[in-house]
Amino acid sequence: MFELHLLSALANGFKYYSNNKPAFKTLFFGFADSTLEAWFSLLNANLPTFYSRYAQGTRDTNTIMVLGGIENVTDKFTGKMLTRASNGLLEVGYNVNEDAQVVLFTKSPELARVYHSILRASFEQGALALQKAGYYAVTYEGSQALSPEEELASEEMGVYVKKLNFSCSYTVSIQLTKEAAIVS
C-alpha cells in the first residue's frame, strides 16, 4: 500500500509546486531568475501523468511511475500477539519495512532535473500525512544515475529516465476472528 500513499503525496506536491512559482523557485539554488522562469514555464507546459505500476492507460513521455517494492518483516511480537481489541478479539502483528521506487520519464534533461527536485520536495511536504496514515518512518533514500541502456534510449528516442528511492516502516495489525482462536 505504500506506493499508493506515496503516489498521492507526490501528485499533491507536484500540483502545489506547479501552481506556486515562489515555492518552486526555492527548490533551486544558484540559478539565475531567468533560468528558473524558463524552468517553471517548461514544467507547466509538460506536467507529468502519475501512475502506479499496474495502472491502466497509455503512457505519455512525461510520466512519473511509482513502483511498489519489497516488504520485509523486521519485528514479530512475542507469540505474534499484539493486543486484545476493544471487541475482545485478539490482534496479531509485526513491524514491516517497505520500499518503493519512483521512475520519471521526461523529454529533456532540464525537465528531469525539475521533476527530480519537485519529487524530493513533494515527498517532504507529504511526510506528515504519510505518518498520520500509519507509517512511523518515511525516508527519501536518494536517486540513481542514468544506466547505460537508459542513456542510449535518451540519445536515440529523446527520453530521459531517473529513478528515486523511498522507504517506510509501519506496524501490521490483524484482528483474528473468533473462529481462528478456537483450537479443535
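Please refer to the structure higher up on the page.
The numbering scheme is per chain: residues are counted from 1 as the chain's sequence reads. For a predicted model such as this one, the threshold for reporting local features is a pLDDT of at least 70, and the threshold for listing and counting side-chain atom pairs is 80 or more; totals across whole chains, interfaces and linings nevertheless cover every residue. Neither water nor hydrogens contribute to the side-chain values; these are computed over all heavy atoms in the structure.

A. Broad picture of the overall build of the chain. Strands here are runs of E lasting at least two residues and helices are runs of H or I lasting at least four, both read from the DSSP assignment and numbered beginning at the N terminus. When its secondary structure is counted, the chain shows five helices and five strands. Buried, partly exposed and exposed residues are distinguished by accessible area as a fraction of the type maximum, computed with a 1.4 Å probe on protein chains only: under 20%, between the cut-offs, and over 50%, respectively. Taking all 184 residues of the chain together, the buried fraction comes to 39%. Put simply, 67% of the contacts in the chain that link residues at least 6 apart link residues at least 24 apart. Calculation of accessible area relied on Shrake-Rupley with a 1.4 Å probe; when residues are assessed, cover is drawn exclusively from the protein chains displayed. Of the roughly 10,500 Å² that the chain leaves accessible, carbon and sulfur atoms contribute 54%. Contacts were defined at the residue level, with two residues in contact if any of their heavy atoms lie within 4.5 Å.

B. Region of the structure containing helix H1 (residues 2-18). Any helix carries an expected span of 1.5 Å times its number of residues minus one. Across its 17 residues, H1 extends 24 Å between first and last C-alpha, which sits within 8% of the 24 Å expected from 1.5 Å per residue. What H1 keeps buried is the set Phe2, Glu3, Leu6, Leu7, Ala9, Leu10, Gly13, Phe14, Tyr17 and Ser18.

C. Spotlight on the pattern of salt bridges. By salt bridge we mean one thing: a side-chain nitrogen of Lys or Arg within 4 Å of a carboxyl oxygen of Asp or Glu. Using the criterion set out here, one finds three salt bridges in the structure. The salt bridge involving lysine 25 is made with aspartate 33; its shortest N-O contact spans 2.7 Å. Taking relative accessible area as the criterion, aspartate 33 reaches 44% and is therefore assigned partly exposed. Residue lysine 25 pairs with glutamate 37 through a salt bridge whose shortest N-O separation is 2.6 Å. One end of the pair, lysine 25, is in helix H2 (residues 21-25); the other, glutamate 37, is in helix H3 (residues 33-45), with 12 residues separating them in the sequence. Given a relative accessible area of 18%, lysine 25 falls into the buried group. What you see here is one network of salt bridges that share partners, running through Lys21, Lys25, Asp33 and Glu37.

D. Representation of H3 in the model. In this model, H3 (13 residues) spans 18 Å end to end at C-alpha, consistent with the 18 Å of a helix rising 1.5 Å per residue. Considered for burial, the residues of H3 that qualify are Leu36, Trp39, Phe40 and Leu43. Viewed end-on, H3 has its buried residues packed into an arc of 100°, placing them on one side of the element. Exposed residues pointing more than 90 degrees away from the buried face of H3 are listed as Ser34 and Ala45. Regarding the arc, it is the one traced by the directions from the helix axis to the C-beta atoms.

E. The arrangement of the packing of aromatic side chains in detail. Any two of the Phe, Tyr and Trp rings considered here, Trp counted by its six-membered ring, make a pair once their centres fall within 6.5 Å; the pair's planes then place it as stacked at under 30 degrees, edge-to-face at over 60, or tilted in between. A complete count under the given rule lists 11 aromatic pairs for this structure. When the centroid spacing of 5.3 Å and the interplanar angle of 80° are considered together, the rings of phenylalanine 14 and tyrosine 115 count as edge-to-face. Remark: tyrosine 115 occurs in helix H4 (residues 109-132) and phenylalanine 14 occurs in helix H1; sequence separation between them is 101 residues. A relative accessible area of 3% places phenylalanine 14 in the buried class.

F. Highlighting the packing of H1 against H4. Viewed as axis vectors pointing N to C, H1 and H4 meet at an angle of 120°, and their least axial separation amounts to 7 Å. In terms of orientation, H1 and H4 fall into the oblique class. Where H1 crosses over H4, the handedness of that crossing is right-handed. Judged by residue contacts, His5, Leu6, Ala9, Leu10, Gly13, Phe14 and Tyr17 of H1 engage Tyr115, Ile118, Leu119, Ala121, Ser122, Phe123, Gln125, Gly126 and Leu130 from H4. Ten residue types, Ala, Val, Leu, Ile, Met, Phe, Trp, Tyr, Cys and Pro, are classed as nonpolar, four, Asp, Glu, Lys and Arg, as charged, and the remainder, Gly among them, as polar. Considered class by class, the residues forming the contact of H1 with H4 number 11 nonpolar, five polar and no charged. Comment: axis = line fitted to C-alpha atoms, over the contacting stretch for helices; angle = value between 0 and 180 degrees taken between N-to-C directions. By definition in this entry, angles of less than 35 degrees are roughly parallel, angles greater than 145 are roughly antiparallel, angles of 65 to 115 are roughly perpendicular, and the rest are oblique. Handedness of a crossing follows from how the near helix is turned relative to the far one, being left-handed for an anticlockwise turn of less than a right angle and right-handed for a clockwise one.

G. Representation of the packing of H1 against H3 within the structure. Between H1 and H3, the least distance of the axes is 10 Å, while the angle of their chain directions is 130°. One way to sum up the angle between H1 and H3 is to call them oblique. Where H1 crosses over H3, the two elements pack in a sense that is left-handed. Across from Phe14, Tyr17 and Ser18 in H1, the residues of H3 making contact are Phe40, Leu43 and Asn44. The class makeup of the residues in the contact of H1 with H3 is four nonpolar, two polar and no charged.

This is a description of form; function is not addressed.
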